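Here are the chains, one letter per residue:
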Amino acid sequence: MKVQIIAIAGLIAVHNAHAHDNAPMSSLGASSHAPIGVMADHQHAAGEWMLSYRYMDMTMKGMREGGDSVTSAEITGTMMSPGDYMVAPVSMDMSMHMLGAMYAPNDQLTLMLMLPVVEKEMKHLTRMGQGFSTSSSGLGDISMTGLYSLYRSADGRHRVHANIGLSLPTGDIDARDDTPAMANAKLPYAMQLGSGSVDLLPGVSYQGFGDSVSWGGQVSLVVRSDYNDNDYRLGNRLKFSGWVARSYSRALSVSIRLAHEVWEDIDGADPELNPMMVPTADPANQGGERSDLSLGLNYLFTKGQLKGHRLAAEFGQSVYQHLHGPQMEVDQTITAGWQFAF
Ligand SMILES: [Cu+2]
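Residues numbered from 1 in each chain as written. Predicted model: local features only at pLDDT ≥ 70, side-chain atom pairs only at ≥ 80, totals over all residues. Heavy atoms only, no water.

J.: Is there a simple way to explain unusual backbone geometry in this structure?
T.: Trans is the prevailing form of peptide bonds, just as negative phi is the prevailing case for residues other than glycine. With an omega dihedral of 5°, the bond running from G325 to P326 counts as a cis peptide bond. Residue position: P326 is located in strand β17 (residues 309–341). A positive phi is found at A40, a non-glycine position, where the angle reads about 55°. Within the element layout of this structure, A40 appears in the loop between α1 (2–19) and β1 (49–66). Judged by its relative accessible area of 8%, A40 is buried. Residues other than glycine seldom take positive phi values, yet N184 does so here, at roughly 55°. Inspection of the secondary structure puts N184 in the loop between β8 (176–177) and β9 (185–186). (Helix = DSSP H or I, 4+ residues; strand = E, 2+ residues; numbered from the N terminus. Buried < 20%, exposed > 50% of the residue type's maximum accessible area, 1.4 Å probe, protein only.)

This is the structure we're talking about:
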């Protein structure tokens, strides 16, 4: 009897999976969106809105030069045999609250607005062995992106769109805090809240949908259009992301994603920063590349009062890093979010 019930339940599950066969994307459930760590991954149907909130956290601990770890003692040296810098960064935590809105004036085009609020904290050790930390927080760079459909297969299972975005210099590039060497000191590049420049955000995204598996990929760029008011230009960035998600029901999907990002050194220099003080203030110690492997969960409420609300989380671990250094290495990233389309 028990076996029969399980067999019948199994048949119903298989039947339900097949019921999705020719369904439009909206009935694909949780897996219709990429993992929450991917931005601008999906378009909306004409007239549809979406609001979202994401919390992102990135933890960095220790330094790297090329692929090798560098200790803070190697960076600062001692009073008897000084190293290249007075101060070594020890760890950094960066968190971001990201509010997003999407609206599709028609089926071809979806518009997206992103408003980040950033919090950063960095811990250091001086050559004398003194520890101190600095922090900065506030509005980051607001971005506006258009997602334009390039291709949709007749059955809706393959979709490609172009992303054309603009990031505005709304984030502070003059954040300051007290250090042992100076009160109200200009903070190094990584502690600033914005790029200070208008940045172009081009990209291409692809999504594919099977019966219970979905997949996708995205290539995106951050192109700095000019030097900012502090006489430097952050490096351009290039990112590839590829993912596969498996649906366990219309409500739940899990995903795995591999991302690789390459970014350049800083051009120019903020005249207020002393590159001999700390590696993070040295424009030549900023470029690098990194791969992250992330596991994600996507949950879509399919009935009741919360129908249409979506909760998702993604946990990333860096699996490869090669940095122009010494530069802080990224360890973990966490993204958790809420999305609601109407
Ligand atoms: Cu959306």
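J.: For this particular structure, what's the right way to read the pairing of β17?
T.: Here is the key point about a regular strand: its side chains alternate between the two faces of the sheet. In the sheet, β1 pairs with β17 via 14 bridges, with the strands oriented antiparallel. Paired with M63 across the bridge in β17 is M328. Bridge analysis of strand β16 (residues 288–300) against β17 gives 13 bridges, and the strand direction is antiparallel. Opposite N298, over in β17, you have A312 as the bridge partner. (Pairing = 2+ DSSP bridges.)

J.: Explain the environment of F132 here, please?
T.: Structurally, F132 can be placed in strand β5 (residues 131–139). Apart from residues lying up to four places away in sequence, F132 is in contact with V87, M122, K123, H124, T126, T179 and P180. (Contact = heavy atoms within 4.5 Å.)

J.: Any chance you could explain the coordination of the copper ion here in plain terms?
T.: Put simply, a metal with four donors set out as a tetrahedron has ideal angles of 109.5 degrees, and one with six donors set out as an octahedron has ideal angles of 90 or 180 degrees. Around the copper ion, the protein contributes the donor atoms H42 (NE2), H44 (NE2), M50 (SD) and M102 (SD), at 2.0 to 2.5 Å from the metal centre. Given 4 donor atoms and angles of 104 to 122° at the metal, the environment of the copper ion is assigned as tetrahedral. (Donors = N, O, S within 2.8 Å, 3.2 Å for Na, K, Ca; no water. Tetrahedral: all angles 85-135°; square planar, octahedral: opposite > 155°, others 65-115°.)

J.: I keep staring at the packing of aromatic side chains and nothing clicks. Help me out?
T.: What describes a pair of aromatic rings is the distance from one ring centre to the other and the angle between the planes of the rings. For the coordinates displayed, the defined rule picks out 5 aromatic pairs. Consider the rings of W338 and F340, whose centres lie 6.5 Å apart with planes at 25°: the pair is stacked. Residue classification places W338 among the partly exposed residues on the basis of a relative accessible area of 29%. For F340, a relative accessible area of 21% puts it in the partly exposed group. (Phe/Tyr/Trp six-rings, centres within 6.5 Å; stacked < 30°, edge-to-face > 60°.)

J.: Explain a nonpolar patch on the surface to me, please; I cannot follow it from the model alone.
T.: Nonpolar side chains collect at one region of the surface, where V213, W215, V244, I256, L258, L293, L295, V319 and Y320 lie side by side and expose about 770 Å² of accessible area between them. Listing elements by their share of the nonpolar patch, those giving two or more residues are β11 (213–224), β14 (252–263), β16 and β17. Relative to the helices and strands, V319 is located in strand β17. (Patch = residues over 30% accessible without salt bridge, like charges linked within 9 Å, V, L, I, M, F, W, Y side chains within 5 Å. Areas by Shrake-Rupley, 256 points an atom, 1.4 Å probe, with all protein chains shown as cover. Salt bridge = Lys/Arg side-chain N within 4 Å of Asp/Glu carboxyl O.)

J.: Just to check I follow, could you spell out the pairing of strand β4 (residues 109–126) for this structure?
T.: By the bridge criterion, 16 bridges tie strand β3 (residues 87–103) to β4 in an arrangement that is antiparallel. Bridge assignment links S95 to a residue of β4, and that residue is E119. Hairpin geometry of β3 and β4 is characterised by an intervening segment of 5 residues between the two adjacent antiparallel strands. As paired elements, β4 and strand β6 (residues 143–152) share 6 bridges and run antiparallel to each other. Residue pairing in the sheet places L111 in a bridge with G146 of β6. Here 9 bridges tie β4 to β5, and the two strands are oriented antiparallel to one another. Counterpart to K123 in the pairing with β5 is S133. What sits between the antiparallel neighbours β4 and β5 is a turn of 4 residues, in which G129 has the positive phi angle 90°.

J.: What exactly am I supposed to notice about the side chain of T126 here?
T.: Secondary-structure assignment places T126 in strand β4. On the accessibility criterion, T126 (11% relative accessible area) is buried. The contact partners of T126, leaving out residues within four places of it in the chain, are T76, M86, V87, F132 and P180.

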